[in-house]
Structure formats: structure tokens, C-alpha cells
Amino acid sequence: MKKVLVVGSGGREHAIVEALLLSPQVGKVYCAPGNAGTALVAENVPIGDTDVEELLRFALDSAIDLTVVGPEAALAAGLVDAFRAAGLKIFGHTKAATAIESSKEFAKKLMGKYGIPTAAYRSFDNFDEALDYVSGRPFPAVLKYDGLAAGKGVVIAEDLSEAEAALRSMLLDESFGKGRVVVEDYLTGPEFSFMCFVDGTNVYPMPLAQDHKRAFDGDKGPNTGGMGAYTGLPFISESDREFAFKNILCRTAEAMVAEGLPLSGVLYGGLMKTPGGIKVIEFNARFGDPETEVVLPLLKSDIYDIFASVADSRPCSLPEWKDAVSLGVVLASKGYPGSYEKGFEIEGLDYVDARVIHMGTKASGEHIVTAGGRVLMVVAEGADISSAREKVYGEIVKIRCSNLFCRSDIAHIALEG
Ligand code: AMP
Ligand code: GLY
């Protein structure tokens, strides 16, 4: 029986752990550092997700058969490179290939060179030149810091003064560190997430999902890490999906091979269905969060086989998916994505008749307490979106905690347009 190490501590990793536990080949799963949810089903290991040296030592000492990397920070820290150099099997991209997510300019240049549809852009390292360019363009203007910025590096500026403030912060104050800024055209249309398992030029698609980035109902309020997600998007036709698969995901995988940076993990296309066709908003080099929590429960195939084949650069058979949809709602700490307090007791979890994924929780004695911005996600499957949604909202009320809130309209674009 195989021993697997999952690196990360969020809902995404909890969902990966649960998927692995369904594999008849998997005997034991460790999660580093994990959370109170992964501790219920796997063994948590107190090592940080970017502590490459300690993770490597643990994997060698414990004879881990396969490691699966969740967060981009671990990929960008070179975890995959270090494990491979030590002869260990690991699912995730090399540090160099992670540039597809960690550098917006790298991704934009790649798309330009290989004809992958995306918004037109220019990039700058000089404040005056950037401001001059933006002044001559229509608003809103989209400004993106060229580096990892924990989801805070994108500003949609409504007017020149907002653009100036953002450029000042990124280029003069270097709020996220030294880096360039990509200025791109503002696109409109529904957004969706297309994740694929990728090994070189072999690309295996997962069901499409839609995230809800804004904090409050009606897509109001600040951007968050994601407040809920669902699959079965009615506004993306089969021909849209085919187009995106061939001309975006497969072409990008081929482009990375041509650049000498083959992918070997998940490629996540953050796409938009614009009036001018489907275009790339961003790429991620990892599973999306919270999309993974709704997508992986639909997998019928053995996920260990998929991870191990990709890690070994061997083709695998096409993953099979259930003929159902899945929907999940996030419970977040009041105040999130701004400042919030932690340590509030959560009750009622045992009564929930749906999947409860832990995103930011901690055990405290006998109790489970809040320990992050996004705390829990309740996920259910159904024959259609309305039945999955009814199930989730029917069960979520059983969770009692004085400091959590959730959106009440997940999948509103699918159900109400
Ligand atoms: P990103 O981190 O690149 O995904 O950007 C965060 C969010 O900003 C996206 O989910 C979009 O809602 C929005 N956004 C990014 N780029 C554009 C664009 N070119 N046009 C319109 N909205 C955008
Ligand atoms: N759900 C968006 C992301 O994972 O980046």
C-alpha cells in the first residue's frame, strides 16, 4: 500500500486527501502542515509548506511513495526540483515552469508568442511611463503586479486617480516587492475555471467550475480567495469547452514544452467568455481553491494513478467523471477578507449530512475552532445545480459558530442569469 504526502493546509488539500483515501492503492496519507479536517482522516505533519529541506527529510525518512503539492508558494520555492533531484516521485511543476503563474509577464508573452487568446497588454517598470500609457487608454484599466501577491496584485482602476494610486503602490512603494506591472485591456463576460492534469503535451481535462470571488451576495464587496463554487456551467457550451481545451489548455501545454519548461501538474485556466470569444484572464500552476473542493468529488477514476502517471511522465487513461454536478459554499470569518479574529468554537459539524471541507480550522482540546479567513466549505452533489444548492444550504444551518458568515447566492449566474 502506498504512502502519500500532501503539502498544504487549506480546503484544497483536504479535498485532495479525501480523494486519495478513495484509492485502493493508498494505505496512508500525511498532510504537511494540514488542518483540523485533514487530521480527522490523515496524519498531520508539523512542517510548513515551503520548508523544502524538512519536507524532503520527512519524505525520505518515512519512505513516502508520492508527494502531491497544493500551494503555488511551495512550487515557487522549488519543492518539486528538490524532490526530483533526490529521486522522489512528486506531482507538481518545477520552479521554472511555475512562472506560468508566478510571472504575469511570462504568461502574457507566452500567450502572445503562441497565439493563445488573452487581453492585449503592455508592461512597465517605470511609473511615469505606465501612468502616461494608462492616461491615454479607456477606463476601467486593469493593472497587474508581475509576481505572486497573494491574490492582491490585480487592480481594476475606474479612473485615473485610482490607477495612479495603484501604480504608485506597485512601482514606487514596491508594496509587493520589486516588480513590473502589466497593464491590460478590460474584458467583460462570465468567468470560469478550467483545470487540467498536464504531463508535457498530455492534457486531461476536469469538469469546468465557477468561483465566486466577491465577499457578498450579488458579487458585491471586496475580492476574496473565493466564497463558493459549482460545476455544470450552463453558459459554457460544449463547443466553447472544446475551443478552450484545444486552443488554450492544450496549446499552452505544447508551448511550455517548446519553451523547454514542460508542465507536470495542474494547469488552471482562469477564463472569460467575452463577446470576442473565450480569453485567458490568468493561469495558475496548481489546483484552484475552492474549485478543487467541488471538482474532485466527481472523479470516478483512481486519483493515485493520475498523480503517479503525471509525476512519472507516463500517459494515463482519460480520467472519468460522475454524471452529476457539485456545489460548495464557504463559511468565512466575519471581517474576511479584511481583518478578523480567530479561535471561535465551531459546533454541529457531526450533524451535517454533506461533505464538510476544512479550510482554516484548528483543534483546541476537544473542540474545533476557527483559524483562518476562509474556515469551512460545505459541498454536495446533485442531479442539477438547484438540488445541490438546496442540499448545501439545508445542511449549512446545522453549523453553529458566532463568527462565521457565508454567501446565500452561490451559482446565481447559473440559476438566475
Ligand atoms: P487575476 O488574479 O489575474 O485572476 O485577476 C483577478 C480578477 O480580476 C479576475 O478574476 C477578474 O475578475 C479580474 N480581471 C483580471 N483581468 C481582467 C481583465 N483583463 N478584464 C476584466 N477583469 C479582469
Ligand atoms: N479560485 C481561484 C484560485 O484558486 O486562484
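Residues numbered from 1 in each chain as written. Chains lettered and ligands numbered in written order. Predicted model: local features only at pLDDT ≥ 70, side-chain atom pairs only at ≥ 80, totals over all residues. Heavy atoms only, no water.

Describing the overall build of the protein
For the protein, the count of helices and strands is 14 helices and 24 strands. In summary, the protein has a C-alpha radius of gyration of 21 Å against a globular reference of 22 Å for 417 residues, a match within 12%. Projected onto its principal axes, the C-alpha coordinates of the protein cover approximately 60 × 50 × 45 Å. Residue burial in the protein is summarised as follows: out of 417 residues, 57% are buried. If you take every contact in the protein between residues at least 6 apart in sequence, the share linking residues at least 24 apart comes to 68%. By element, 49% of the accessible surface of the protein is carried by carbon and sulfur atoms, the whole surface being about 16800 Å². Charged side chains of the protein number 41 positive and 57 negative; the gap between the two group centres comes to 2 Å. (Helix = DSSP H or I, 4+ residues; strand = E, 2+ residues; numbered from the N terminus. Rg over C-alpha atoms; globule rule 2.2 N^0.38 Å. Buried < 20%, exposed > 50% of the residue type's maximum accessible area, 1.4 Å probe, protein only. Contact = heavy atoms within 4.5 Å. Areas by Shrake-Rupley, 256 points an atom, 1.4 Å probe, with all protein chains shown as cover. Lys, Arg positive; Asp, Glu negative; His and termini not counted. Charge placed at Lys NZ, Arg CZ, Asp CG, Glu CD.)

Observations regarding the pairing of strand S15 (residues 228-231)
The side-chain alternation of S15 yields two buried faces, one formed by Gly-228 and Tyr-230 and the other by Ala-229 and Thr-231. Both strand S12 (residues 209-211) and S15 contribute to a ladder of three bridges, which runs antiparallel. Of the residues in S15, the one forming a bridge with Asp-211 is Ala-229. As judged from the three bridges shared by S15 and strand S18 (residues 325-333), these two strands associate in the antiparallel manner. Counterpart to Ala-229 in the pairing with S18 is Gly-328. (Pairing = 2+ DSSP bridges.)

What about the nonpolar core?
Core analysis: the largest hydrophobic core is formed by 78 residues, its most contacted members being Leu-79, Leu-271 and Leu-327. Among the elements that line this core, the one with the most residues is helix H10 (residues 238-258), at eight residues. Sequence-distant contacts of Leu-271, that is, excluding residues within four places in its chain, are made with Pro-190, Glu-191, Phe-192, Phe-194, Ala-244, Ile-248, Leu-249, Ile-278, Lys-279, Val-280 and Ile-281. With 42 residues, the next largest nonpolar core counts Ala-15, Ala-229, Trp-321 and Val-330 among its residues. (Core = buried A, V, L, I, M, F, W, Y, C linked by side-chain atoms within 4.5 Å.)

Comments concerning the site of ligand 2
Taken together, the neighbourhood of ligand 2 is formed by Asp-211, Tyr-268, Asn-284, Arg-286, Gly-288, Asp-289, Pro-290 and Glu-291. Contact between ligand 2 and Glu-291: a nitrogen atom at 2.8 Å from a side-chain N or O atom of the residue. Expressed as a share of its isolated accessible area of 200 Å², the protein-covered part of ligand 2 is 89%. Here the shell around ligand 2 is built from residues that sort into two nonpolar, two polar and four charged. (Near = heavy atom within 4 Å. Polar contact = N/O pair within 3.5 Å; in protein donor to acceptor, adjacent residues only side chain to side chain. Nonpolar A, V, L, I, M, F, W, Y, C, P; charged D, E, K, R; others polar.)

Remarks on the pattern of salt bridges
Pairing is possible between side chains of opposite charge, provided their charged atoms come close. Going through the model one piece at a time under the given rule, you end up with 28 salt bridges. Note that Glu-174 is salt-bridged to Lys-178, the shortest N-O span being 3.4 Å. Residue Glu-174 is classed as partly exposed on the basis of its relative accessible area, which comes to 33%. Look at the salt bridges and you will find they share partners, linking Glu-238, Arg-241, Glu-242 and Lys-246 into a network. (Salt bridge = Lys/Arg side-chain N within 4 Å of Asp/Glu carboxyl O.)

As for the site of ligand 1
Glu-184, Asp-185, Leu-187, Glu-191 and Glu-282 are the nearest of the 13 residues found near ligand 1. Between ligand 1 and the protein, one listed contact pairs an oxygen atom with a side-chain N or O atom of Lys-104 at 3.3 Å. Contact with the protein chains hides 87% of the accessible area of ligand 1, taken as 470 Å² for the molecule alone. Elements represented by at least two residues in the shell around ligand 1 include exactly strand S7 (141-145), strand S8 (154-157) and strand S17 (277-284). By residue class, the composition of the shell around ligand 1 is six nonpolar, no polar and seven charged.

Re the packing of helix H8 (residues 127-135) against helix H9 (residues 160-172)
The geometry of H8 relative to H9 is characterised by a closest axis approach of 10 Å and an angle of 155 degrees between their N-to-C directions. One finds that H8 runs roughly antiparallel with respect to H9. Classified by chirality, the crossing of H9 by H8 is right-handed. Counting all contacts with H8, which are made through Phe-127, Ala-130, Leu-131, Val-134 and Ser-135, the residues of H9 involved are Leu-160, Ala-163, Glu-164, Leu-167, Arg-168, Leu-171 and Leu-172. (Axes fitted to C-alpha atoms, helices over the stretch in contact; angles between N-to-C directions. Parallel < 35°, antiparallel > 145°, perpendicular 65-115°, else oblique. Left-handed = near helix turned anticlockwise from the far one by under 90°.)

Re the side chain of Asn-284
Position of Asn-284 among the secondary structure elements: in strand S17. When residues no more than four places from it in sequence are discounted, the contact partners of Asn-284 are Glu-101, Val-266, Leu-267 and Tyr-268.

Considering the packing of helix H7 (residues 104-114) against H10
Between H7 and H10, the shortest axis-to-axis distance is 10 Å and the interhelical angle comes to 100 degrees. With respect to H10, the element H7 is oriented roughly perpendicular. Facing H7, whose interface residues are Phe-106, Leu-110 and Tyr-114, H10 presents Arg-251, Thr-252, Ala-255, Met-256 and Ala-258.

Some thoughts on the sheet that holds strand S2 (residues 26-33)
Taken in spatial order, the five strands of this open sheet run S3-S2-S1-S4-S5, and their pairing is parallel. What marks the edges here is a single partner per strand, and that holds for strand S3 (43-44) and strand S5 (90-91). Pairing analysis gives four bridges linking strand S1 (residues 2-8) to strand S4 (residues 66-69), with the strands arranged parallel. Note that in S4 the partner of Val-6 across the bridge is Val-68. Its contacts with the sheet place helix H1 (residues 11-21) against S1, S2 and S4, and it is angled at close to 170 degrees to S1.

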